[in-house]
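# Inside the fold
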Amino acid sequence: MIFNINDNAEFGARGNVPVMGLENFGLTLTSFRRLANRKVHALVNFGTYDLTPGVRKLKPTKRLPYMAARVDRWIQRLHRLHPEMSFLEKNGIVTHRKARRWSQLPSTLTVQGTAREVSALTEALGVRSIYVMRIEGHRRRVSSKSPLTWYCVRAFVVIQVEDARLGNQVTEDRFVVVRASSFEDAKKRLKLQWQEYATPYLNSDGQMVRWSLDKIIDIYDLIDVDINPDGTEVYSKLGQRRMRPQYVWRPKSR
């Protein structure tokens, strides 16, 4: 199947591709480019599965072949423009071997070349980001502590009333956001807060009441380093429901 695709129209302006991982070597993009012929190992990430207008306007049966042809063309172009560089898929397969299955479309390449050559890949069609793993003559900085990030801890709390033995026990589904270095660290950092949360108080009948942690249901990594006041996802869990006519999504082609 042949597609008449204009990659420039599909992906617009180039040159704004982020080069990540440089902070691990104490470098900025400008100082990295000055390394010129220093050997570099990096990961190049493609927009293989981006649902661009060119993909959206096609029938569902034609979208996968379109995306496969598109990423193959990007990779062939890299080989042609940078014959001196080494390009491998993450699993070590040479990238000129075309992949056609949905789960096998290449989205990340391991590349070896000079700092100048790797920098030039920011202008390549289809490249979404570059992550620098190793630089000749530069050691990665070793962090003494794991970086803190945001976690959301979902807990099941029970409201206990003094000597209550019958009836229903009120419960609370509680979500708490905390900065921690790991899932286990997030649990530890909230230990004191759960104790304070369970501090007894008197109800209107003079009985002691406490809100006691029963169990941790889940811990969710927010990924984001900063909480965006315009909206940040703090928890997500997938479920299912039976399809009904009012649930059907019929996107219109643009």
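Quantities reported herein were computed from a predicted structural model and do not represent experimental measurements. (Residues numbered from 1 in each chain as written. Predicted model: local features only at pLDDT ≥ 70, side-chain atom pairs only at ≥ 80, totals over all residues. Heavy atoms only, no water.)

## Focus: the overall build of the protein chain
Summing up its helical and strand segments, the protein chain has 7 helices and 9 strands in all. Within the protein chain, the fraction of its 254 residues that count as buried is 35%. Surface exposure of the protein chain reaches about 17400 Å², of which carbon and sulfur atoms provide 50%. (Helix = DSSP H or I, 4+ residues; strand = E, 2+ residues; numbered from the N terminus. Buried < 20%, exposed > 50% of the residue type's maximum accessible area, 1.4 Å probe, protein only. Areas by Shrake-Rupley, 256 points an atom, 1.4 Å probe, with all protein chains shown as cover.)

## Focus on the pairing of strand 9 (residues 208-221)
Residues in a regular strand point their side chains to alternate faces of the sheet. Where strand 6 (residues 149-161) and strand 9 come together, 11 bridges link them in antiparallel fashion. What sits directly across from cysteine 152, in strand 9, is tyrosine 220. Pairing between strand 8 (residues 201-202) and strand 9: 2 bridges, direction antiparallel. Among the inter-strand pairings, leucine 202 is bridged to a residue of strand 9, identified as methionine 208. (Pairing = 2+ DSSP bridges.)

## Some words on the nonpolar core
Nonpolar side chains in soluble globular proteins tend to be buried together. Core analysis: the largest hydrophobic core is formed by 28 residues, its most contacted members being Phe32 and Ile130. Secondary structure elements with two or more residues in this core: strand 2 (39-46), helix 4 (60-81), strand 4 (108-114), helix 5 (115-120) and strand 5 (127-135). Aside from chain neighbours lying at most four places away, what touches isoleucine 130 is Val17, Pro18, Val19, Met20, Ala42, Leu43, Val44, Val118, Leu121 and Thr122. (Core = buried A, V, L, I, M, F, W, Y, C linked by side-chain atoms within 4.5 Å. Contact = heavy atoms within 4.5 Å.)

## Concerning the side chain of histidine 82
Positionally, histidine 82 belongs in the loop between helix 4 and strand 3 (86-89). Each residue touching histidine 82, except ones within four places of it in the same chain, is listed here: Phe87, Ala120 and Leu121.

## Quick word on the packing of aromatic side chains
Any pair of aromatic rings gets described here by the distance separating the centres and the angle formed by the planes. Tallied over the full model, the rule gives 6 aromatic pairs. Relative to tyrosine 197, the ring of tryptophan 194 has its centre 6.4 Å away and its plane inclined at 80°; by these criteria the two rings are edge-to-face. Of this pair, tryptophan 194 and tyrosine 197 are both found in helix 7 (residues 191-197), 3 residues apart, which corresponds to roughly one turn of the helix. Using a relative accessible area of 24% as the deciding quantity, one classes tyrosine 197 as partly exposed. Taken together, the aromatic side chains of Phe175, Tyr220 and Tyr235 make up a single cluster linked through ring pairs. The side chain of arginine 174 reaches across the aromatic face of tyrosine 197, ending 3.7 Å from its centre. Against the face of tyrosine 247 rests arginine 241, its NZ or CZ located 3.3 Å from the ring centre. (Phe/Tyr/Trp six-rings, centres within 6.5 Å; stacked < 30°, edge-to-face > 60°. Lys NZ or Arg CZ within 6 Å of the ring centre and 35° of its normal.)

## A few points about the sheet that holds strand 5
Remark on secondary structure: sheet strands pair via backbone hydrogen bonds, oriented parallel or antiparallel. Strands sit in the order 1-5-2-4-3 across an open sheet of 5 strands; the sheet is mixed. On the outer flanks of this sheet lie strand 1 (19-20) and strand 3, each paired with one strand and no other. Strand direction decides the pairing type here: strand 2 and strand 4, joined by 7 bridges, are antiparallel. Bridging from a neighbouring strand, histidine 41 pairs with glutamine 112 of strand 4. Against the sheet, helix 4 engages strand 2, strand 3 and strand 4, with an angle of about 155° to strand 2. (Axes fitted to C-alpha atoms, helices over the stretch in contact; angles between N-to-C directions.)

## Points about the sheet that holds strand 8
Taken in spatial order, the 4 strands make up an open sheet running 7-6-9-8, and their pairing is antiparallel. Pairing within the sheet leaves two strands with one partner each, and these edge strands are strand 7 (171-180) and strand 8.

## Some thoughts on a nonpolar patch on the surface
A contiguous nonpolar patch, built from Val177, Ile227 and Val234 and spanning about 190 Å² of accessible area, is present on the exposed surface. On the secondary structure map, valine 177 appears in strand 7. (Patch = residues over 30% accessible without salt bridge, like charges linked within 9 Å, V, L, I, M, F, W, Y side chains within 5 Å. Salt bridge = Lys/Arg side-chain N within 4 Å of Asp/Glu carboxyl O.)

## Some thoughts on the environment of aspartate 185
Considering the arrangement of structural elements, one finds aspartate 185 in helix 6 (residues 183-189). Considered as a pair, aspartate 185 and leucine 148 are 37 residues apart in the sequence and their alpha carbons are 9.8 Å apart. In this structure the side chain of aspartate 185 is engaged in a polar contact, spanning 2.7 Å, whose partner is the side chain of arginine 189. (Polar contact = N/O pair within 3.5 Å; in protein donor to acceptor, adjacent residues only side chain to side chain.)

## Brief notes about the confidence of the model for the protein chain
Per-residue pLDDT for the protein chain has a mean of 85; in total, 86% of the residues score no lower than 70. Low pLDDT, under 50, characterises residues 91-99; the stretch is placed with 18 contacts to residues that sit more than four places away or in other chains. (pLDDT = per-residue confidence, 0-100.)

## Describing the pattern of salt bridges
Under the counting rule described, the total for this entry stands at 3 salt bridges. A salt bridge links arginine 128 to aspartate 50; the shortest N-O distance between them is 2.8 Å. Here aspartate 50 lies in the loop between strand 2 and helix 3 (53-56) and arginine 128 lies in strand 5, a separation of 78 residues in the sequence. Of the charged contacts, one joins arginine 154 and aspartate 173 as a salt bridge, the two residues approaching to 2.8 Å between their closest N and O atoms.

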